[in-house]
Amino acid sequence: MDQSNSSNAGTAIFRRFFIKILWITAAMAVLLRIGTALEFSVINGGINNMLAPPAVSDLHTYIKLGREIARGTWPAEFYYQPFYYAVFLPVIYLCSGFSLWAVIFIQAVLGGMTTFIAGLTAKELFGRTAGVIAAIFTAISTPLLLYAPFHQNETLQCFNLTLLFYLLLKAIRKKNLLLWSAAGLVAGIATLTRGNILLFIPLILLALWLQNHLAWQKKAVFSVVLLFLFVSVQLPFIIYNTRAKNRFTGPSTAADAVLALGNTPESPPGGRNAFLPAGPMEYPQSFHDFMANTAKGISVPRQMLHWMLKEPGAFFELQFRKLLLFWDGRELPNNVSLYGEGTYSVLLRLLIPGRSHFILTFALAGMLFFIPGIKRKEFRNRTLLYAFVILYWGAIAVFYILSRFRAPVIPLMTVFAGAFISTILLRWKKWDRHKKYLAVLAAASGCFLTVGAYDFYADNFEPAVMRLCRSKGTVLHNAVIDHGPFTCGAWQLAEITAGTRISKIFCAADTGKIQWTLQSQNSGTLFFKVNGTEMLKNLETGMNKIEFPASANTELEILSVPAGTAAVFDGRRDYGRSGLNGQKIPGEWIMRFYFR
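Scope of this entry: the structure provided in the associated data block. (Residues numbered from 1 in each chain as written. Predicted model: local features only at pLDDT ≥ 70, side-chain atom pairs only at ≥ 80, totals over all residues. Heavy atoms only, no water.)

## Some thoughts on the overall build of the chain
Point 1. Helices and strands together make up the secondary structure of the chain, namely 24 helices and 14 strands.
Point 2. What you see for the chain is a C-alpha radius of gyration of 27 Å, in line with the 25 Å of a compact globule of 596 residues.
Point 3. Each of the three principal axes of the chain carries a C-alpha extent, and together these read 90 × 65 × 55 Å.
Point 4. Put simply, the chain has 596 residues, and 55% of those count as buried. (Helix = DSSP H or I, 4+ residues; strand = E, 2+ residues; numbered from the N terminus. Rg over C-alpha atoms; globule rule 2.2 N^0.38 Å. Buried < 20%, exposed > 50% of the residue type's maximum accessible area, 1.4 Å probe, protein only.)

## Topic: the pattern of salt bridges
Point 1. Under the defined criterion, the tally for this structure stands at 22 salt bridges.
Point 2. For Arg 406, the salt bridge goes to Glu 331, with nearest N and O atoms at 3.3 Å. In this pair, Arg 406 is assigned in helix H20 (residues 403-406) and Glu 331 in the loop between helix H16 (312-326) and helix H17 (346-350), connecting sequence segments 75 residues apart.
Point 3. Residue class for Glu 331 comes out buried when judged on its relative accessible area of 4%.
Point 4. Where Asp 482 meets Arg 577, a salt bridge forms, and the shortest distance between an N and an O atom there is 2.9 Å. Of this pair, Asp 482 sits in the loop between strand E2 (479-481) and strand E3 (491-495) while Arg 577 sits in the loop between strand E10 (565-570) and strand E11 (578-580), and the two are 95 residues apart along the sequence. Pair check on accessibility: Asp 482 and Arg 577 agree, each one buried.
Point 5. Salt bridges here are not isolated pairs; linked through shared partners, they connect Asp 328, Arg 330, Asp 455, Asp 459 and Arg 572. (Salt bridge = Lys/Arg side-chain N within 4 Å of Asp/Glu carboxyl O.)

## Focus: the environment of Gly 262
Point 1. Locating Gly 262 in the fold gives a position in the loop between helix H13 (255-261) and helix H14 (285-295).
Point 2. Using a relative accessible area of 0% as the deciding quantity, one classes Gly 262 as buried.
Point 3. Sequence spacing of Gly 262 and Ile 410 is 148 residues, and the spatial spacing of their C-alpha atoms is 22 Å.
Point 4. What Gly 262 contacts, discounting residues up to four positions off in sequence, is Ser 267, Pro 268, Leu 318, Lys 322, Phe 399 and Tyr 400. (Contact = heavy atoms within 4.5 Å.)

## Description of the side chain of Ser 252
Point 1. Examined against the element boundaries, Ser 252 turns out to sit in the loop between helix H12 (235-245) and H13.
Point 2. Setting aside anything within four residues of it in sequence, one finds Ser 252 in contact with Phe 78, Tyr 79, Tyr 80, Gln 81 and Asn 241.

## Description of the pairing of strand E9 (residues 553-560)
Point 1. Both strand E4 (residues 501-505) and E9 contribute to a ladder of 5 bridges, which runs antiparallel. Bridge pairing in E9 places Lys 504 opposite Thr 554.
Point 2. Two strands pair when backbone bridges link them, and strand E6 (residues 524-530) and E9 are joined in this way by 4 bridges, in the antiparallel orientation. Bridge pairing in E9 places Phe 527 opposite Ser 560. (Pairing = 2+ DSSP bridges.)

## Points about helix H21 (residues 410-427)
Along an α-helix, residues three or four apart share an orientation, since each turn contains 3.6 residues.
Point 1. When the terminal C-alpha atoms of H21 are compared, their 25 Å separation across 18 residues agrees well with the 26 Å that a helix rising 1.5 Å per residue should span.
Point 2. For H21, the tally of buried residues reaches 14 of 18 residues, placing the bulk of the element in the interior. (Expected span 1.5 Å × (residues − 1).)

## Side note on the sheet that holds E9
Point 1. In spatial order, the strands read E7-E6-E9-E4-E11-E12; together these 6 strands make up an open sheet with antiparallel pairing. Every interior strand has two partners, whereas the edge strands, strand E7 (533-539) and strand E12 (583-584), have only one.

## Examining the packing of helix H2 (residues 18-41) against helix H5 (residues 100-126)
Point 1. Packing of H2 against H5 leaves a shortest axis separation of 8 Å and a crossing angle of 150°. For H2 against H5, the interelement crossing comes out right-handed. (Axes fitted to C-alpha atoms, helices over the stretch in contact; angles between N-to-C directions. Left-handed = near helix turned anticlockwise from the far one by under 90°.)

## Re a nonpolar patch on the surface
Point 1. A cluster of nonpolar side chains, namely Val 231, Leu 235 and Ile 239, defines an oily patch on the protein surface of about 220 Å² accessible area.
Point 2. Note on placement: Leu 235 falls in helix H12.
Point 3. Given the relative accessible area of 38%, Leu 235 is considered partly exposed. (Patch = residues over 30% accessible without salt bridge, like charges linked within 9 Å, V, L, I, M, F, W, Y side chains within 5 Å. Areas by Shrake-Rupley, 256 points an atom, 1.4 Å probe, with all protein chains shown as cover.)

## Focus on unusual backbone geometry
Leaving glycine aside, a negative phi is the common case for residues, and trans is the common case for peptide bonds.
Point 1. Within the chain, Asn 246 stands out as a residue other than glycine whose phi angle is a positive 60°.
Point 2. Along the chain, Asn 246 turns up in the loop between H12 and H13.
Point 3. Here Asn 246 falls in the exposed class, since its relative accessible area comes to 72%.
Point 4. A positive phi angle, near 55°, is found at Asn 581, a position not held by glycine.

## Brief notes about empty space enclosed by the protein
Point 1. Applying the stated criterion to the full structure yields 3 cavities of 30 Å³ or more.
Point 2. Its boundaries defined by the atoms lining it, the largest cavity holds a volume of some 60 Å³.
Point 3. Taken together, Arg 33, Leu 110, Gly 111, Thr 114, Thr 138, Leu 144, Ala 148, Thr 155 and Cys 158 form the lining of the largest cavity.
Point 4. Looking at the lining of the largest cavity, the elements with two or more residues in it are H5 and helix H8 (154-174).
Point 5. Ranked by the residues each element gives to the lining of the largest cavity, the list is headed by H5, at 3 residues.
Point 6. For the lining of the largest cavity, the per-class residue count stands at 4 nonpolar, 4 polar and 1 charged.
Point 7. In this structure, the second largest cavity spans a volume of roughly 40 Å³.
Point 8. Around the second largest cavity, the lining residues are Leu 261, Pro 268, Gly 270, Gly 271, Met 281, Glu 282 and Tyr 400.
Point 9. Across the lining of the second largest cavity, the residue classes break down as 4 nonpolar, 2 polar and 1 charged. (1 Å grid on protein atoms, 1.4 Å probe; cavity = no way out; pocket = protein on both sides within 12 Å on 5 of 7 lines; lining within 4 Å. Points joined across faces, edges and corners; volume = space filled by probe spheres on them. Nonpolar A, V, L, I, M, F, W, Y, C, P; charged D, E, K, R; others polar.)

## A look at the environment of Pro 251
Point 1. By the secondary structure assignment, Pro 251 is in the loop between H12 and H13.
Point 2. The exposure class of Pro 251 is buried, given its relative accessible area of 11%.
Point 3. As a C-alpha pair, Pro 251 and Leu 235 span 16 residues in sequence and 7.7 Å in three-dimensional space.
Point 4. Sequence-distant contacts of Pro 251, defined by excluding residues within four places in its chain, comprise Phe 78, Tyr 80, Gln 81, Pro 82, Leu 192, Gln 234, Phe 237, Ile 238 and Asn 241.

Printed below as a string of structure tokens:
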């Protein structure tokens, strides 16, 4: 048999067994998720985030609310998006005798189903080879494996978003009312699971109305039915919250708080630094200011608009950093961390191709490589995939970046990744050098965006951009600061000893008080002068914030200090207003000047 006949025979066998391969991959995905759950279950003798999360975490809150609702006790209001803890968890608890392992198993199965649907989606758009690769990537994706055993809604939303896209794909091709109705229902459930899916409704309706060979009367009917089902699943929760608040309210009352976390003058672009274990996010003063204003009836969107009009450069620079950080391969932790719980998993350590660095690199490469084809008529369904990923990207960046917020769109990204890899494998030898150069350039661009783009911008351009956008620093209603946030920032240490001189200038009123951030390895007394006036402050081991009266132009002289004490400065802000021993430092001291 010659080479061409052998290739055709291989293709025929591959076509014949494609669905079986997807089922095997989906089963592998389920087993991998159960395997990671078993690994996590033994952490700290079973007292861990999976089986006994701390009371301050969202994981514990979901378990508590799910069990209470299963027993008939309803909350005063639905603060979080309610579907996960008000429907999904109670149903599983009632059917399993309130078993946590039942939830873990069901979420593992959802991971397998997501894997299968991702493979089908890639096959529909780019062929069977792309389908198999997409399914494998989804099965071994590090964040998808990490989050599946825990009580948080990412696994459910991952399934919802992947199923929603596949239903739309089939509905567009078959022009079937039942499929459009199912899409409306799933979109409603997805919105109840994560509210940003509300932004997808105009896109879904646009896809419906752009269908060819479908009368406008049918389009109108399909639209009405879709919207009715979309709203109907949310309506009970809307009514419940509206009665609780005595004003019209959506199915969740947490929108203001979530939006404020990532959209105040002090907000970081992400919720927590990469490489940290699970823990709390940063809640700066400006966040509390925003929330205090909401209690007075001023909504967060209105406050955001005010800030945008006042400081458009700073506002849009923060949005740009969030958009850029979305594609960074590092996993920003929250309730669960790859660098905490994830270190206990042998499976996660071994499945290196499942890391987001790889999946995002190939996904971006695919998105860039196939751009020339989206103008062609036969590529319109691929255009919908672009729209879904790009819209989700923006919908997350509107708030702030966390690994678990990004996770639901990973299966759709694997479709692009599978398409790029399969195209390289099947067509590389047939391409001319220009096509090969394009593929290499797309891969290199994807790698740069995933591995180094955020830090490259933040280290080389952010200080200059902030000098241009915000020359007087960050001005709050009662304070001014020249440094940026700790999270996703570049806070650094400068050791101080007896005789060290520190200077700081603020663009603010002449008198007030300064809050100074220091880090000390030892407790003891800090003896120093402030503009010639001697002061004493006690330091504890770790991070310290000390306050003292000062002017906007302040000189500090250290007289004595515990060994191992350092002043903290931000290397991503540089207004030239911070000095050490008579020399400007490459950043700004972590100091806050309160002027009233």
